[in-house]
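# Understanding the architecture of this molecule
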Amino acid sequence: SAGYTWAEPGYTTTQPNSLMRVASVSKAFTCAAIRRPADTNQLDLDDEVFPLLGITGAALPGQTPDSRIDTVTVRQCVQHTGGWVRRVSTVDPVFYTREIARALSLPGPASKRDVARYMYGEPLQYNPGDTTAYNSTDRYSNFGYVLLGLVVEQVTGLSFRDYLAQAVLNPLGFSNQVFVGATE
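Anyway, here's the lowdown on the structure attached to this text. No experiment lies behind these values; they were computed from the predicted model shown. (Residues numbered from 1 in each chain as written. Predicted model: local features only at pLDDT ≥ 70, side-chain atom pairs only at ≥ 80, totals over all residues. Heavy atoms only, no water.)

## Examining the overall build of the protein
Scanning the protein from terminus to terminus reveals 9 helices and 0 strands. On the principal axes, the C-alpha backbone points of the protein span a range of 55 × 40 × 40 Å. The buried share of the protein, reckoned over its 184 residues, is 37%. Long-range contacts, defined here as pairs at least 24 residues apart, represent 71% of the contacts in the protein between residues at least 6 apart. For the protein, the accessible area works out to roughly 10,800 Å², and carbon and sulfur atoms hold 52% of it. On the protein, the mean spot of the 15 positive side-chain charges and the mean spot of the 17 negative ones are 4 Å from each other. (Helix = DSSP H or I, 4+ residues; strand = E, 2+ residues; numbered from the N terminus. Buried < 20%, exposed > 50% of the residue type's maximum accessible area, 1.4 Å probe, protein only. Contact = heavy atoms within 4.5 Å. Areas by Shrake-Rupley, 256 points an atom, 1.4 Å probe, with all protein chains shown as cover. Lys, Arg positive; Asp, Glu negative; His and termini not counted. Charge placed at Lys NZ, Arg CZ, Asp CG, Glu CD.)

Next comes the structure, spelled out in structure tokens:
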């Protein structure tokens, strides 16, 4: 084992046991977690996400749900074709949770479900599933993966972290090597 560091002077030297943020690499873990219930027929990748989550109405009085929102599927979230484009909407809700909490008058931070409820009332930027709308970089959706985590929780009855550990990480021998990082 070895650790490598390429950083400004004074930065801590990386060791083989140093913790690392995996950021969007975690999307691979989410895909593995989604695949398990799909393989056991607990979930169909073509299931529509918001109806599955029981989210059926706008979170705020001034919001009007997009007529296409209930057609967004699990598969489309995996493939980053759910209909969201950060550059156009100017909002990546994953990095907008404080504002969402304020808009929803929450006493603390917005949960993943709060973000999903809020986004249910926001417009989509293109038809879900359309792979020709925008380029793949523009279609890249952190929010779609938030929804996938909620889907895992809904169909398994476990927290995403617990299900990931039980169904994906432990069988691979990674029982205590992946942690949820701080959100703020």
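Okay, back to it.
## Re the layout of surface pockets
Its volume calculated, the second largest pocket comes out at about 170 Å³. Lining of the second largest pocket is provided by 16 residues; of these, W84, S89, V91, P93 and M119 occupy positions nearest its centre. Mapped onto the lining of the second largest pocket, the elements with two or more residues apiece are α4 (86-89), α6 (112-120) and α8 (142-156). Partitioned by chemical class, the residues of the lining of the second largest pocket number 9 nonpolar, 4 polar and 3 charged. (1 Å grid on protein atoms, 1.4 Å probe; cavity = no way out; pocket = protein on both sides within 12 Å on 5 of 7 lines; lining within 4 Å. Points joined across faces, edges and corners; volume = space filled by probe spheres on them. Nonpolar A, V, L, I, M, F, W, Y, C, P; charged D, E, K, R; others polar.)

## Describing the side chain of S141
With respect to the element layout, S141 can be found in the loop between α7 (136-139) and α8. A residue is classified by how much of its surface remains accessible, and S141, at 5% relative accessible area, is buried. Apart from residues no more than four positions distant in its own chain, S141 is found in contact with K27, H80 and W84.

## Some thoughts on the packing of helix α1 (residues 26-39) against helix α9 (residues 160-169)
Their axes nearest at 10 Å, the elements α1 and α9 cross at an angle of 75 degrees. By the criterion of interaxial angle, the relationship of α1 to α9 is roughly perpendicular. Here α1 contributes F29, T30, A32, A33, R36 and P37 to the contact with α9, which in turn contributes F160, Y163, L164, A167, V168 and L169. Among the residues forming the contact of α1 with α9, the class breakdown is 10 nonpolar, 1 polar and 1 charged. (Axes fitted to C-alpha atoms, helices over the stretch in contact; angles between N-to-C directions. Parallel < 35°, antiparallel > 145°, perpendicular 65-115°, else oblique.)

## Notes on the environment of S111
When you line up the elements, S111 lands in the loop between α5 (97-103) and α6. Separated by 105 residues in sequence, S111 and W6 place their C-alpha atoms 35 Å apart.

## Let's talk about the pattern of salt bridges
Enumeration over the complete set of coordinates arrives at 7 salt bridges. Between R68 and D66 there is a salt bridge; the shortest N-O distance is 2.9 Å. A relative accessible area of 23% means that R68 is categorised as partly exposed. By relative accessible area, which is 13% here, D66 ends up buried. Where R86 meets D92, a salt bridge forms, and the shortest distance between an N and an O atom there is 3.4 Å. (Salt bridge = Lys/Arg side-chain N within 4 Å of Asp/Glu carboxyl O.)

## Digging into the environment of G144
Along the chain, G144 turns up in helix α8. Accessibility expressed as a relative area gives 1% for G144, which makes it buried. Separated by 60 residues in sequence, G144 and W84 place their C-alpha atoms 8.3 Å apart.

## Quick word on the packing of α6 against α8
Across the interface, α6 lies against α8 with an axial gap of 10 Å and an inter-helix angle of 120 degrees. Of the possible angle classes, the one that applies to α6 and α8 is oblique. Seen along the crossing, α6 lies across α8 with a hand that is left-handed. Mapping the contact onto sequence places K112, R113, V115, A116 and M119 in α6 and F143, V146, L147, L150, E153 and Q154 in α8. Classifying every residue of the contact of α6 with α8 gives 7 nonpolar, 1 polar and 3 charged. (Left-handed = near helix turned anticlockwise from the far one by under 90°.)

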